Amino acid sequence: MKPVRLLLIITSLFIFANNLSAQEKKTNLTTDEYNDALMTIRYYDRTMYYPGNSEDNPVYVHITISNEGSKTLHFKLADDRMFSVDFIAYTVKNNLLPMTSELVRKRTTNQTVYFRDISLEPGEEYSFVENVKEYLDIADPSIYYLEMRFYPELYKNKSLCISSNRLSLEIRPTPTAASSSFIPVEKKTVAVLQQEDISPDRVVEQTILARQKSLWDQFFLYLDVESLLKRNQAAMRKYNRVSADERNDMLRNFKAELMQERIDKDIVAVPVKYKIDTTNYSQTRGTVKVYQWFKNDTFLEKKRYTYYVQQKDGIWTIYDYVVENLGTE
């Protein structure tokens, strides 16, 4: 073989190796973008869990994505979280729980997946709540080990995922009417709910999520019920002239009427989906605009909510709101 031809072959191999190395580095870089993302899960509404019955006996998990690095973290989050997360549960014998038929149906149906781009600066975190029973078919009592996977580029690119910590999930035998040793617990929490120092958009989102899941204690957690009551001029005048005990009675009655959807129906309406549009706030006041869709018989009704928030002692609460009708879809 001539020296010139041999040199050309060696040069070509060198260039190919360099290109391959560059591609590998690019692939690794894409994966390494999420090395500083910390995914943690914990029980949001800890209670006694039984097989089946997703609505009456849900398994709510509080999910937090934290940026532990020094650069901005970018990811996508689907409006329908089934296209962003997976739950995996297995027994001590390593038997996996199957997915629910609803989850399988959604992921195998041709449809448009709506999502929003989330950016977390170093030290910031983002949280939301999901019901494990909407993802996994829990039919038998047992001890399970529960984990979660988050897809930062949505489920279509599930090869790229972030795994969470592991929780132990105890599913007890379903109590019967003749069983005196078991008392069913529905939507009760063993922990005292406390307000947290979270941003205005998260306050609004957690309030909407709580309403979607009919968790009234969580729904009222960040609502300034007194300010909402005073939106009605007659109620405000009466509230201002009665005693402290009578005011407490008025607030209790106001909350009861909200729960029965007798008054202020817009604030307690349950959207099938929502999308946070803009958030603007100063040190003490702010607004959060949210698009919300409500299911009617044959169409979706679209509205834009503007939530007015204020901060006191480091806690943001919703004290007022307005609603704009944006037509149907």
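Visitor: It is not clear to me how empty space enclosed by the protein should be interpreted in this structure. Could you clarify?
Guide: Taking a probe equal in size to a water molecule and rolling it over the atoms shows the remaining empty space. On inspection of all chains with the given rule, the structure shows 3 cavities of 30 Å³ or more. Counted as a void, the largest cavity has a volume near 80 Å³. Taken together, Thr 207, Ile 208, Arg 211, Phe 219, Asp 266, Ile 267, Ala 269, Pro 271, Gln 292, Tyr 305 and Tyr 307 make up the lining of the largest cavity. The set of elements that each furnish at least two residues to the lining of the largest cavity consists of helix 3 (200-212), helix 8 (265-268) and strand 12 (300-312). Split into classes, the residues belonging to the lining of the largest cavity amount to 7 nonpolar, 2 polar and 2 charged. Roughly 50 Å³ of internal volume is contained in the second largest cavity. In terms of lining residues, the second largest cavity is bounded by Tyr 44, Val 129, Gln 206, Leu 209, Ala 210, Lys 213 and Leu 215. Looking at the lining of the second largest cavity, the element that brings in the most residues is helix 3, giving 3 residues.

Visitor: It is not clear to me how unusual backbone geometry should be interpreted in this structure. Could you clarify?
Guide: Most peptide bonds are trans, and most residues other than glycine sit at a negative phi. In this model, Leu 154 sits at a positive phi of 75°, which is unusual for a non-glycine residue. As for its placement among the helices and strands, Leu 154 is situated in the loop between strand 7 (142-150) and strand 8 (162-163). Here Leu 154 falls in the buried class, since its relative accessible area comes to 6%.

Visitor: Got a minute to help me understand the sheet that holds strand 12 in this structure?
Guide: A sheet is described by the order of its strands in space; here 4 strands give the open sequence 10-11-12-13, paired in antiparallel fashion. Each of the sheet's edge strands pairs with one partner strand only, and the pair in question is strand 10 (273-281) and strand 13 (315-328). Neighbouring strand axes in the sheet, compared pairwise and without regard to direction, differ in orientation by 20° on average. Pairing of strand 12 with strand 13, which is carried by 11 bridges, proceeds in the antiparallel orientation. Looking across to strand 13, one finds that Glu 301 is bridged to Thr 328. Set on the sheet, helix 3 makes contact with strand 10, strand 11 (285-295), strand 12 and strand 13; between it and strand 10 the angle comes to about 155°.

Visitor: Explain the layout of surface pockets here, please?
Guide: There is about 870 Å³ of room inside the largest pocket. Elements supplying a minimum of two residues to the lining of the largest pocket: helix 2 (101-108), strand 6 (125-131), helix 3 and strand 10. Element by element, the count of residues in the lining of the largest pocket is highest for helix 2, at 3 residues. Classifying every residue of the lining of the largest pocket gives 11 nonpolar, 5 polar and 11 charged. Volume-wise, the second largest pocket comes out at about 370 Å³. Around the second largest pocket, the lining is made up of 16 residues, and of these Ser 119, Glu 124, Tyr 126, Ser 199 and Asp 201 lie nearest the centre. Listed by contribution, the elements that provide at least two residues to the lining of the second largest pocket are strand 5 (115-120), strand 6, helix 3 and strand 10. Residues belonging to the lining of the second largest pocket are distributed by class as follows: 5 nonpolar, 4 polar and 7 charged.

Visitor: Help me out: how do you make sense of the nonpolar core in this one?
Guide: Note on soluble globular proteins: their nonpolar side chains tend to be buried together. Among the nonpolar cores identified, the biggest contains 76 residues, and Phe 75, Phe 87, Leu 136, Phe 150 and Tyr 307 are the most heavily contacted of them. Of all the elements, helix 3 adds the most residues to this core, at 5 residues. Residues contacting Leu 136, with those up to four places away along its chain left out, are Phe 87, Ile 88, Ala 89, Leu 97, Pro 98, Thr 100 and Leu 146.

Visitor: Where do I start with the packing of aromatic side chains in this structure?
Guide: To describe a pair of aromatic rings, one takes the distance between the centres and the angle between the planes. Tallying each qualifying case throughout the model produces 14 aromatic pairs. Note on Phe 87 and Tyr 135: the rings are 5.1 Å apart at their centroids and 75° apart in plane angle, and the pair reads as edge-to-face. You can see Phe 87 sitting in strand 4 (residues 85-90) and its partner Tyr 135 sitting in the loop between strand 6 and strand 7, a full 48 residues away along the chain. Residue Phe 87 shares its accessibility class with Tyr 135, and that shared class is buried. Counting every residue linked through ring pairs, the aromatic cluster contains Trp 216, Phe 219 and Phe 220. Against the face of Tyr 321 rests Arg 231, its NZ or CZ located 4.2 Å from the ring centre.

About the cut-offs
Per chain, residues are indexed from 1 in the order of the written sequence. Whole-chain, interface and lining totals are the exception, using all residues; otherwise, since this is a predicted model, local features are given only for residues with pLDDT of at least 70 and side-chain atom pairs are given and counted only at 80 or more. The basis for every side-chain value is the complete set of heavy atoms in the structure, and neither hydrogens nor water enter the calculation. The pocket and cavity definitions rest on a 1 Å grid over protein atoms only: a 1.4 Å probe that fits but cannot leave marks a cavity, an open set with protein on both sides within 12 Å along at least five of seven lines marks a pocket, and residues lining either have an atom within 4 Å of a point. Grid points are joined across faces, edges and corners, and a volume is the space filled by probe spheres set on the points. Segments assigned H or I by DSSP are reported as helices when at least four residues long, segments assigned E as strands when at least two residues long, and all are numbered from the N terminus. In this classification, the charged set is Asp, Glu, Lys and Arg, the nonpolar set is Ala, Val, Leu, Ile, Met, Phe, Trp, Tyr, Cys and Pro, and all remaining amino acids, among them Gly, are polar. Here's how the labels work: a residue is buried when its accessible area is under 20% of the maximum for its type, exposed when over 50%, partly exposed in between, all with a 1.4 Å probe on protein chains only. For two strands to be treated as a pair, DSSP must find at least two bridges joining them. To obtain an axis, a line is fitted to C-alpha atoms, over the contacting stretch when the element is a helix, and the angle between two such axes runs from 0 to 180 degrees between their N-to-C directions. Contacts between residues were defined by any pair of non-hydrogen atoms, one from each residue, lying within 4.5 Å. Each nonpolar core is a collection of buried residues, namely Ala, Val, Leu, Ile, Met, Phe, Trp, Tyr and Cys, held together in the definition by side-chain atoms within 4.5 Å. In this scheme Phe, Tyr and Trp rings, the latter by its six-membered ring, pair at centre separations within 6.5 Å, and the angle between planes marks the pair as stacked below 30 degrees, edge-to-face above 60, and tilted otherwise. In this analysis the charged atom, NZ for Lys or CZ for Arg, is taken to sit over a ring once it is within 6 Å of the ring centre and within 35 degrees of the ring normal.

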